[in-house]
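Residue-level structure breakdown
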Amino acid sequence: MRARLLEATVDLLVERGFAGTSTTLVSERAGVSRGAQLHHFPTKNDLVVAAVEHLTERRGAELAAAFDTLSAEPVATATGRRTRLRSVVTMLGDHFASPVFAAALELWVAARTDPALLAAVAPLEQRVGREAHRMTAAALGADESRPGVRELVQATLDLVRGLGLASTISDDSARRRRILREWADVLDKELG
């Protein structure tokens, strides 16, 4: 029942945003009574904080699964390396344009003015950010002991987050693909 409530919360954050997500709607979506929902989560903040934790785990698992789909084989040729870099940045772009990322954005915006929510969101986002950085560096084959490489990895993540934010307003997938293809070529030059 708890899992159904958390999934319903995430779905509603994507569909209706933070302001449009109520405990009543969550109960209805999860198919549980209001009393059962209140037993698990007495307030909207209790529900949202638990959903933040759930969403953090889900985002981490989805990102790890996406990285797992990429070949772990070392790339021996320049063409193979460029193809690999394009695959990595495309996968990241798709991940950060997903509904799960949209739900996270809703929580970020709400946490900006809600100290209790910020206290829950900030440490979890730091953990997700560190793990995303680690996985991205590994997938890119980036040697972060070289000057500027750590910053390139972080710029990659900042870029895909920004493109993910833009995708919440309109479908810019064609533009996103072009930008990411060019960015992969920049990474190829700088990391190679």
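Residues numbered from 1 in each chain as written. Predicted model: local features only at pLDDT ≥ 70, side-chain atom pairs only at ≥ 80, totals over all residues. Heavy atoms only, no water.

1. Comments concerning the overall build of the protein
Across its full length, the protein holds nine helices and zero strands. Along the protein, helices (α) and strands (β) appear in the sequence α-α-α-α-α-α-α-α-α when read from the amino end. Each principal axis of the C-alpha distribution contributes one length, and for the protein these read about 60 × 35 × 30 Å. Taking all 192 residues of the protein together, the buried fraction comes to 43%. Excluding contacts between residues fewer than 6 apart, the proportion of contacts in the protein whose partners are at least 24 apart in sequence is 67%. (Helix = DSSP H or I, 4+ residues; strand = E, 2+ residues; numbered from the N terminus. Buried < 20%, exposed > 50% of the residue type's maximum accessible area, 1.4 Å probe, protein only. Contact = heavy atoms within 4.5 Å.)

2. Some remarks on the environment of Asp143
As for its placement among the helices and strands, Asp143 is situated in the loop between α7 (115-140) and α8 (149-166). Side-chain polar atoms of Asp143 contact the side chain of Ser145, separated by 2.5 Å. (Polar contact = N/O pair within 3.5 Å; in protein donor to acceptor, adjacent residues only side chain to side chain.)

3. Let's talk about the nonpolar core
Ranked by internal contacts, the top residues of the largest apolar core, which has 29 residues, are Phe67, Leu92, Leu140, Leu187 and Leu191. Put simply, the parts of the chain that give this core at least two residues each are α4 (44-68), α5 (78-95), α6 (99-112), α7, α8 and α9 (173-191). Apart from residues no more than four positions distant in its own chain, Leu187 is found in contact with Leu85, Val89, Leu140, Leu152, Thr156 and Gly192. (Core = buried A, V, L, I, M, F, W, Y, C linked by side-chain atoms within 4.5 Å.)

4. Some details on the UniProt feature "DNA-binding region" (unreviewed entry) in the protein
When the UniProt feature table is mapped onto this chain numbering, "DNA-binding region" (unreviewed entry) sits at residues 22-41. Each end of residues 22-41 is marked by a C-alpha atom, and these two atoms are 12 Å apart; helix forms 75% of the span and strand 0%. (UniProt positions renumbered as here; feature names shortened; annotations may be inferred.)

5. Observations regarding empty space enclosed by the protein
Applying the stated rule across the entire model yields one cavity of 30 Å³ or more. Contributing to the lining of the largest cavity are Val52, Leu55, Thr56, Arg59, Ala104, Leu107, Trp108, Val121 and Glu125. Breaking the lining of the largest cavity down by element, the ones donating at least two residues are α4, α6 and α7. Broken down by element, the residue count for the lining of the largest cavity peaks at four residues, all from α4. (1 Å grid on protein atoms, 1.4 Å probe; cavity = no way out; pocket = protein on both sides within 12 Å on 5 of 7 lines; lining within 4 Å. Points joined across faces, edges and corners; volume = space filled by probe spheres on them.)

6. Considerations on the confidence of the model for the protein
Interpreting fine coordinate detail is not advised for predicted regions of low pLDDT. Across the protein, pLDDT averages 89, with 97% of residues at or above 70. Across the protein, element-level confidence peaks in α8 with a mean pLDDT of 96 and bottoms out in α4 with 83. (pLDDT = per-residue confidence, 0-100.)

7. Thoughts on α6
An ideal rise of 1.5 Å per residue puts 20 Å on 14 residues; α6 measures up with 20 Å between its terminal C-alpha atoms. What α6 keeps buried is the set Val100, Phe101, Ala103, Ala104, Leu105, Leu107, Ala110 and Ala111. Structurally, α6 contributes buried residues whose contacts are with α1 (2-16), α4, α5, α7 and α8. (Expected span 1.5 Å × (residues − 1).)

8. A few points about the packing of aromatic side chains
Counted by the stated rule, this structure contains two aromatic pairs. Geometrically, the ring pair formed by Phe96 and Phe101 is edge-to-face, given 5.1 Å between the ring centres and 80 degrees between the ring planes. Classification of Phe96 by relative accessible area gives buried; the value is 2%. Given a relative accessible area of 1%, Phe101 falls into the buried group. Ring geometry for Phe101 against Trp108: centres 5.6 Å apart, planes inclined by 85 degrees, an arrangement best described as edge-to-face. On the basis of relative accessibility, which here comes to 28%, the residue Trp108 falls in the partly exposed class. Among the aromatic side chains, those forming a connected cluster through ring pairs are Phe96, Phe101 and Trp108. (Phe/Tyr/Trp six-rings, centres within 6.5 Å; stacked < 30°, edge-to-face > 60°.)

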